[in-house]
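Coordinate inspection notes
In case you want the letters, here they are:
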Amino acid sequence: MHVCRTIAEIRATVESGLGWLAEKDGAAVGMALAHRRGPGVGRITDLYVRPSARRAGVAEALTRAVAARFLADGVDTIDLEVMASNTAARAAYARWGFR
């Protein structure tokens, strides 16, 4: 079943220390998931912020947390998994220095 596989993949990501949850007043407002793709290469696979919490720096803070963890682990290249049609996300990543 696809849902069970997805949940298992998310659980493994979080258990590996590459999952982040952003909270405000005790409520989840965003999350990020990442994976190591090989020596020196990491990938941000998921970045989500609730609509009510957008434009408050949550996505940038999550992205910086992922980057800091990767840097500490010796990752020098981070790639992104983002749909070409997601222009808002692509613009945000560009503002943060991703090409």
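Throughout what follows, the structure given in this document is the object of discussion. (Residues numbered from 1 in each chain as written. Predicted model: local features only at pLDDT ≥ 70, side-chain atom pairs only at ≥ 80, totals over all residues. Heavy atoms only, no water.)

Concerning the packing of aromatic side chains
Which entries qualify depends on this criterion: In this scheme Phe, Tyr and Trp rings, the latter by its six-membered ring, pair at centre separations within 6.5 Å, and the angle between planes marks the pair as stacked below 30 degrees, edge-to-face above 60, and tilted otherwise. Buried residues are those whose accessible area, probed at 1.4 Å on protein chains only, stays under 20% of the maximum for their type, while exposed residues exceed 50% and partly exposed ones sit between those limits.
Per the counting criterion, the structure on display carries two aromatic pairs. Ring plane angle 90° and centroid distance 5.6 Å describe the contact between Tyr93 and Trp96, whose orientation is recorded as edge-to-face. For Trp96, a relative accessible area of 24% translates into the label partly exposed. On the numbers, 5.5 Å between centres and 80° between planes, the contact of Tyr93 with Phe98 is edge-to-face. Take Tyr93 and Phe98: they sit in the same class, and that class is buried. Of the aromatic side chains, those joined through ring pairs into one cluster are Tyr93, Trp96 and Phe98.

Description of the pattern of salt bridges
Formally: We define a salt bridge as a contact between a side-chain nitrogen of Lys or Arg and a carboxyl oxygen of Asp or Glu at a distance within 4 Å. By the criteria applied, helices consist of DSSP H or I runs no shorter than four residues and strands consist of E runs no shorter than two, each listed in order from the N terminus.
The full count for this structure, using the stated rule, is six salt bridges. Across the salt bridge formed by Asp73 and Arg36, the nearest N and O atoms sit 2.2 Å from each other. Of this pair, Asp73 sits in the loop between α2 (58–72) and β4 (77–80) while Arg36 sits in strand β2 (residues 27–38), and the two are 37 residues apart along the sequence. On the basis of relative accessibility, which here comes to 36%, the residue Asp73 falls in the partly exposed class. With relative accessibility at 39%, the residue Arg36 sits in the partly exposed group. Between Arg69 and Asp73 there is a salt bridge whose closest N-O contact spans 2.8 Å. Judged by relative accessible area, Arg69 falls into the partly exposed class, the value being 28%. If you follow the salt bridges from partner to partner, you end up with Arg37, Arg43, Asp79 and Glu81 in one network.

Quick look at the pairing of β4
Which entries qualify depends on this criterion: Strands qualify as paired when DSSP identifies two bridges or more between them. Look down the strands so they point away from you; if going from the first strand over the helix to the second traces a clockwise path, that crossover is right-handed.
Of the strand pairs in this sheet, strand β3 (residues 41–49) and β4 are connected by four bridges, and their pairing is parallel. When the bridges of β4 are listed, Gly42 appears paired with Ile78. A crossover links β3 with its parallel partner β4, the connecting element being α2, and its sense is right-handed.

Examining the sheet that holds β4
Put simply, the rule is: Axis lines are fitted to C-alpha atoms, over the contacting stretch for helices. Their N-to-C directions set the angle, which ranges from 0 to 180 degrees. We call two residues in contact whenever any of their non-hydrogen atoms come within 4.5 Å of each other.
Strand order in the open sheet formed by four strands is β1-β2-β3-β4, with mixed pairing between adjacent strands. With partners counted over all chains shown, the strands left at the sheet margins are β1 (19–24) and β4, one partner each. Within the sheet, the average angular offset between the axes of one strand and its neighbour, ignoring direction, is 25°. This element, helix α1 (residues 2–15), spans β1 and β2 of the sheet and lies at about 85° to β2. Running over the sheet, α2 touches β1, β2, β3 and β4 and is turned about 35° from β2.

Brief notes about the environment of Glu81
Convention followed: As used in this structure description, the phrase polar contact means that two N or O atoms lie within 3.5 Å; if the pair is within protein, one of them must be able to donate a hydrogen and the other to accept it, and residues adjacent in sequence are counted only when both atoms belong to side chains.
Note that Glu81 resides in the loop between β4 and α3 (87–95). Once the C-alpha coordinates of Glu81 and Ala65 are considered, the two residues, 16 residues apart in sequence, prove to be 17 Å apart. Other than its neighbours up to four places away in sequence, Glu81 contacts Arg43, Ile44 and Thr45. Looking at Glu81, its side chain comes within polar contact range of the side chain of Arg43, at 3.4 Å.

Any functional reading would require information beyond the geometric quantities listed.
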